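Residue-level structure breakdown
The lines below spell out each chain.
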Amino acid sequence: MSFNDSVLICDEVDKVLEKILKENGLQVTYEPEITPEQIKEKISQFNIVIVRSRTKITKEMIDKAEKCKIIARVGVGLDNIDLDAAKAKNIRVINAVEGAMTAVAELVLGLMFSLARQIPRADRGIRNDQWLKKQMLGTELKGKYLGIVGLGNIGKRLGRLARGLNMNIIGYDVVPIDEEFAKDVGLMKADLDTLLQSSDYISLHVPLLDSTYHLIDAKRLSTMKKTAKIINTSRGGVIDEDALYEALKNGNLGGAALDVFEKEPATGHKLASLDNVILTPHMGAQTKEAQSLAANVIAEKIIQILRGVI
Ligand code: NAD
C-alpha cells in the first residue's frame, strides 16, 4: 500500500524518518529551521506535521491546519503541542515514549557524577590557569539516597542504573509503582515530602502538567537537606527557578543540574553565575540511538495510522 499524504517536518530529526515515509509514497517537506510565522503560512497544505521540541504547535497554527490528520512528536513530552486544539479538530497526536529512556537516564548519571565531583568546575579551573585540587574534595554516589520523582519509563531506567552503583532508591509517583521494578531495586516508596527530606540526590521525571507546575517550589526546597542536589531533566516548569536560585545562593541546597528550563534556549540564565550548578541545553534525548529509535517509532506509527491499523 502506498500513500500520497503530504508531511511537514519542522525540526531536525533523524534521516531515517524521512526515508521510511518517502518509501511509503508520502511527500515530505523537511524544514528543520522553519519559523512559527512560516508554519502559520503553510500548515494548511499538509496532512501530517512532525516536530521535536524546538517547534511549538499552537492553537493559531492548528486552526489553520485544514487538512491535518496527524501531529507527531519525535520524543516524549507533548507540552509543545496544544492538545485541546488538536482534539477539537479531530487531529491525532502521537509521540515516541520509548526512545529517550536510556539516553535521559544515562545523562542523569553523568550529571550526578559531575555534581558529586565538581567535574565541570575542575575543568573550568584548568582552562583559567587554576589548579583547584584542594577544592575538589567530593563525595561518592555509593550508599547515597536517590529520590526519584515520577517512576515512568525514564525514572525506572534511572532507578535500575543507580542501583547498579549501590545507591539506595526512594520513589514517589501518583500512580501505583511497578512492583517488579520496586522489588528489583529494593525501592523505598515514600510520599513526596518524605522523599525530598530524605534524599541526597533528587531526580525529577514527571510530565509538565498543571499539577506538576512548580512542584518543587520555595517551600519544598526549604525542607531538603542543605547538602542535597537536585537534577531536572523533565521539564523546566517543574522547578521554580527563582526559588532554586535563592536556595543555592543562600547555601540552603548543595547543588543543581538542569537540562530543561522554563524558557529555552536558556542562554544568559542567572543560575549560570553559581558554581554549584550544572546547566545543559535540553540534550537528554540527544543520542544517536535515541533519535534513531524515536524516528523509527514515529514512522511506523504514522504508516500504521494511515493503514487504519491503529
Ligand atoms: P512517563 O510518562 O513514562 O512517566 C512519567 C511518570 O510521572 C508517570 O509514572 C506518572 O504517573 C508520573 N507523574 C505524573 N504526575 C506526577 C506527580 N505530580 N508526582 C509524581 N509523579 C507523577 O514519562 P517519561 O518518558 O519517563 O518522561 C518523563 C519526563 O521526561 C517528561 O516530562 C518528559 O517530557 C521528559 N523528557 C525529557 C527529555 C530531555 O531531553 N531532557 C527527553 C525525554 C523526556
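The rules behind these values
- As a convention, each chain's residues are numbered from 1 in the sequence order in which they are written.
- Selection of residues for local features in this predicted model requires a pLDDT of at least 70, selection of side-chain atom pairs for listing and counting requires 80 or more, and totals for whole chains, interfaces and linings are taken over all residues.
- Only heavy atoms go into the side-chain values, all of them from the structure, while hydrogens and water stay out.
- The cutoff for a nearby residue is simple: one of its non-hydrogen atoms must lie within 4 Å of the molecule or strand.
- In the analysis that follows, any N or O atom pair within 3.5 Å is treated as a polar contact, provided that within protein one partner can donate a hydrogen and the other can accept it, and provided that, for residues neighboring in sequence, both atoms belong to side chains.
- Only the protein chains shown count as cover for residues, and the accessible areas themselves come from Shrake-Rupley with a 1.4 Å probe.
- Throughout this entry, Asp, Glu, Lys and Arg are counted as charged residues, while Ala, Val, Leu, Ile, Met, Phe, Trp, Tyr, Cys and Pro are counted as nonpolar. The remaining residues, Gly among them, count as polar.
- Domain start and stop points were drawn from an automatic or database domain assignment.
- Two residues qualify as a contact provided that any one of their heavy atoms is within 4.5 Å of a heavy atom in the partner residue.
- Two parts placed together each lose some accessible area under a 1.4 Å probe, and the buried area is that loss summed for both.
- Within this document, salt bridges are pairs made up of a side-chain nitrogen of Lys or Arg and a carboxyl oxygen of Asp or Glu, the two lying within 4 Å of each other.
- Strands are treated as partners if at least two bridges between them are detected by DSSP.
- Comment: elements are numbered from the N terminus, with helices defined as DSSP H or I runs of at least four residues and strands as E runs of at least two.
- When the strands point away from the viewer and the path from the first strand over the helix to the second turns clockwise, the crossover is right-handed.
- Think of a nonpolar core as a cluster: buried Ala, Val, Leu, Ile, Met, Phe, Trp, Tyr and Cys residues, connected wherever their side-chain atoms sit within 4.5 Å.
- Per-residue accessibility, obtained with a 1.4 Å probe over protein chains only, is compared with the maximum for each type, and a residue is labelled buried under 20%, exposed over 50%, and partly exposed between these values.
- Angles shown run from 0 to 180 degrees and are taken between the N-to-C directions of axes, each axis being a line fitted to C-alpha atoms and, for helices, limited to the stretch in contact.
- To sort the angles, those under 35 degrees are grouped as roughly parallel, those over 145 as roughly antiparallel, those from 65 to 115 as roughly perpendicular, and the leftovers as oblique.
- The sense of a crossing depends on the near helix, which, turned anticlockwise from the far helix by less than a right angle, makes the crossing left-handed and, turned clockwise, makes it right-handed.
- One fewer than the residue count of a helix, multiplied by 1.5 Å, yields its expected span.

**Details of the site of the ligand**
- The environment of the ligand is formed by 25 residues, the closest being Asn153, Ile154, Asp173, Val206 and Thr233.
- At 2.9 Å, a side-chain N or O of aspartate 259 approaches a nitrogen atom of the ligand.
- Protein chains shield 87% of the accessible area of the ligand, which is 870 Å² for the free molecule.
- Partitioning the shell around the ligand into residue classes produces 12 nonpolar, 10 polar and 3 charged.

**Describing the domain arrangement of the chain**
- Structurally, the chain comprises domain 1 (6-95 + 288-307) and domain 2 (100-279).
- Averaged C-alpha coordinates put domain 1 and domain 2 at centres separated by 31 Å.
- Opposite the 5 residues of domain 1 that make contact, domain 2 presents 4 residues.
- The largest per-residue losses of area from domain 1 upon contact with domain 2 belong to Val76, Asp79 and Ala290, which jointly make up 82% of the total buried on that side.
- Summed over the shared surface of domain 1 and domain 2, the result is 1 salt bridge.
- One salt bridge in this structure joins arginine 235 and aspartate 79, with 3.0 Å as the shortest N-O distance.
- In this structure, the connection of domain 1 to domain 2 is made through 1 residue pair in polar contact (both at pLDDT 80 or more).
- The class makeup of the residues in the side of domain 1 that touches domain 2 is 2 nonpolar, 1 polar and 2 charged.

**A word on the pairing of strand β5 (residues 92-95)**
- As judged from the 4 bridges shared by strand β4 (residues 70-73) and β5, these two strands associate in the parallel manner. Residue pairing in the sheet places arginine 73 in a bridge with asparagine 95 of β5.
- Each parallel crossover has a hand, and the one from β4 via helix α4 (residues 83-88) to β5 is right-handed.

**Here's the deal with the nonpolar core**
- Of all hydrophobic cores here, the largest spans 29 residues; its most connected members are Ile202, Ile230, Leu244 and Leu253.
- Of all elements in the fold, only α9 (192-198), β9 (201-204), α11 (241-249) and β11 (255-258) reach the threshold of two or more residues within this core.
- In this structure, isoleucine 202 is in contact with Gly147, Val149, Leu195, Leu196, Met224, Ala228, Lys229, Ile230 and Ile231, ignoring residues within four places of it in sequence.
- Counting 28 residues, the second largest nonpolar core, distinct from the first, contains Ala105, Val108, Leu109 and Ile169.

**Observations regarding the packing of helix α5 (residues 101-117) against helix α7 (residues 153-164)**
- Contact geometry of α5 with α7 gives a least axis separation of 8 Å together with a crossing angle of 50 degrees. Considering their axes alone, α5 and α7 lie oblique with respect to each other. In this structure, α5 meets α7 at a crossing whose hand is right-handed. Contacts from Met101, Thr102, Val104, Ala105, Glu106, Val108, Leu109 and Met112 in α5 reach Asn153, Ile154, Arg157, Leu158 and Leu161 in α7.

**Some points on the environment of serine 198**
- For serine 198, the position within the fold is in helix α9.
- Taking relative accessible area as the criterion, serine 198 reaches 28% and is therefore assigned partly exposed.
- When the C-alpha atoms of serine 198 and leucine 146 are compared, they prove to be 8.8 Å apart, with 52 residues separating the residues in sequence.
- When sequence neighbours within four positions are dropped, the list of residues in contact with serine 198 reads Tyr145, Ile170 and Lys225.
- Within the local environment of serine 198, its side chain forms a polar contact with the backbone oxygen of threonine 194, the two atoms lying 2.5 Å apart.

**Remarks on α5**
- The terminal C-alpha atoms of α5 lie 25 Å apart, and with 17 residues this matches the ideal 24 Å at 1.5 Å per residue to within 8%.
- Where α5 is concerned, the buried positions are Ala103, Val104, Ala105, Leu107, Val108, Leu109, Leu111, Met112, Ser114, Leu115 and Ala116.
- Trailing α5 by a residue or two, glutamine 118 shows a phi angle of about 55 degrees, which is positive.

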